[in-house]
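Below, each chain spelled out in residue letters.
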Amino acid sequence: MSADVCKASNRSDEYEKVFERVKLLLEGEDDWHSAMSTVACELHHAFDYFHWTGFYRAARDQLLLVGPYQGGHGCLRIQYSRGVCGAAAREKATQLVPDVHAFPDHIACASSTQSEVVVPVLTPDCRLLAVLDVDSDLPAAFNEHDQAGLEKICGFLGEQFKDTTQS
């Protein structure tokens with residue numbers, strides 16, 4: 001990846017390329033876990049400032065379970081009432097956090113994390129399948145281009161896997 005991708009003007013272009021690869025890789029795929037693994041891998045390796053990239057699955061009432069992901073260990077379980085991932089699940093809305101230390105009730109799964117963006121994966125009828133969590137060891141690493149690109153990918157996943165019963 002070129003260093004220019006970190007410039008805001010090129011992020012959107014890179015997200016379009018990732019989105020096209022994801023669509024091709026998932027064509028005909030019906031396994032939710034395989035799809036999440038593929039997306040986490042594609043995203044993690046596309047952007048140098050993504051230091052932890054993965055999903056927390058909506059598993060049981062008000063509980064997220066880790067995986068699949070790329071990077072160091074993640075928190076195994078997150079309640080909807082806790083942290084950035086919990087807020088995204090609870091509110092069914094993207095959380096763009098330039099400074100995780102300023103976020104109330106932030107859960108430090110990795111002490112090196114400085115900024116984070118978490119996007120819910122919702123079906124067309126607003127059922128939560130998972131949240132996509134991306135952490136960076138750099139402060140304010142994510143911007144509106146990251147948010148838009150990740151929301152597009154998560155929207156695609158929500159549509160493609162709207163009938164899944166897998167958690």
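My aim in this report is to walk through the structure given alongside it, one point at a time. All values reported here derive from a predicted model rather than from experimental measurement.

### Focus: the overall build of the protein chain
Working step 1: The helix and strand tally for the protein chain stands at four helices and six strands.
Working step 2: Along the protein chain, from the amino end to the carboxyl end, the secondary structure elements read α-α-β-β-β-α-β-β-β-α.
Working step 3: Residue pairs in contact within the protein chain that sit at least 24 positions apart in sequence constitute 55% of those at least 6 positions apart.
Working step 4: When the accessible surface of the protein chain is summed, it comes to about 7800 Å², and 50% of that surface belongs to carbon and sulfur atoms.

### Some remarks on the sheet that holds strand β3 (residues 77-79)
Working step 1: As summarised here, the arrangement of the six strands in space is β3-β2-β1-β6-β5-β4, forming an open sheet in which the pairing is antiparallel. The strands lining the two open edges of the sheet, one partner per strand, are β3 and β4 (95-97). Shown here is a sheet whose adjacent strand axes are inclined to one another by a mean of 25 degrees, direction ignored.
Working step 2: Here strand β5 (residues 115-122) pairs with strand β6 (residues 128-136) via eight bridges, running antiparallel.

### Describing the packing of helix α2 (residues 32-46) against helix α4 (residues 144-160)
Working step 1: Running from N to C, α2 and α4 cross one another at 165 degrees; their axes reach a closest spacing of 12 Å. Taken together, the axes of α2 and α4 lie roughly antiparallel to each other. With respect to the hand of their crossing, α2 and α4 are arranged in right-handed fashion. Contacts between α2 and α4 pair W32, A35, V39 and L43 from the former with L150, I153 and L157 from the latter.

### Some details on the pattern of salt bridges
Working step 1: Scanning all chains against the criterion turns up six salt bridges.
Working step 2: Its salt-bridge partner being R11, residue D146 comes within 2.3 Å of it at the nearest N-O pair. With D146 in helix α4 and R11 in helix α1 (residues 8-25), this residue pair connects regions lying 135 residues apart in the sequence. Each member of the pair D146 and R11 is classed as buried.
Working step 3: With its nearest N and O atoms 3.9 Å apart, the salt bridge here joins R90 to E91.
Working step 4: For E91, a relative accessible area of 48% corresponds to the partly exposed category.

### Points about the pairing of strand β2 (residues 63-70)
Working step 1: Here β2 lies mainly inside the structure; six of its eight residues are buried.
Working step 2: With six bridges joining them, strand β1 (residues 52-60) and β2 adopt antiparallel strand pairing. Residue pairing across strands places G54 opposite Y69, the latter belonging to β2.
Working step 3: Between β1 and the antiparallel strand that follows it, β2, lie two residues; Q62 among them carries a positive phi value of about 65 degrees.
Working step 4: Where β2 meets β3, three bridges bridge the pair, whose relative direction is antiparallel. Its bridge partner lying in β3, L64 is registered against I78.
Working step 5: In textbook terms, the turn of a hairpin is the stretch between consecutive antiparallel strands, and for β2 and β3 this stretch comprises six residues, one of which, G71, has a positive phi near 120 degrees.

Scoring rules and cut-offs
- Residues numbered from 1 in each chain as written.
- Predicted model: local features only at pLDDT ≥ 70, side-chain atom pairs only at ≥ 80, totals over all residues.
- Heavy atoms only, no water.
- Helix = DSSP H or I, 4+ residues; strand = E, 2+ residues; numbered from the N terminus.
- Contact = heavy atoms within 4.5 Å.
- Areas by Shrake-Rupley, 256 points an atom, 1.4 Å probe, with all protein chains shown as cover.
- Pairing = 2+ DSSP bridges.
- Axes fitted to C-alpha atoms, helices over the stretch in contact; angles between N-to-C directions.
- Parallel < 35°, antiparallel > 145°, perpendicular 65-115°, else oblique.
- Left-handed = near helix turned anticlockwise from the far one by under 90°.
- Salt bridge = Lys/Arg side-chain N within 4 Å of Asp/Glu carboxyl O.
- Buried < 20%, exposed > 50% of the residue type's maximum accessible area, 1.4 Å probe, protein only.

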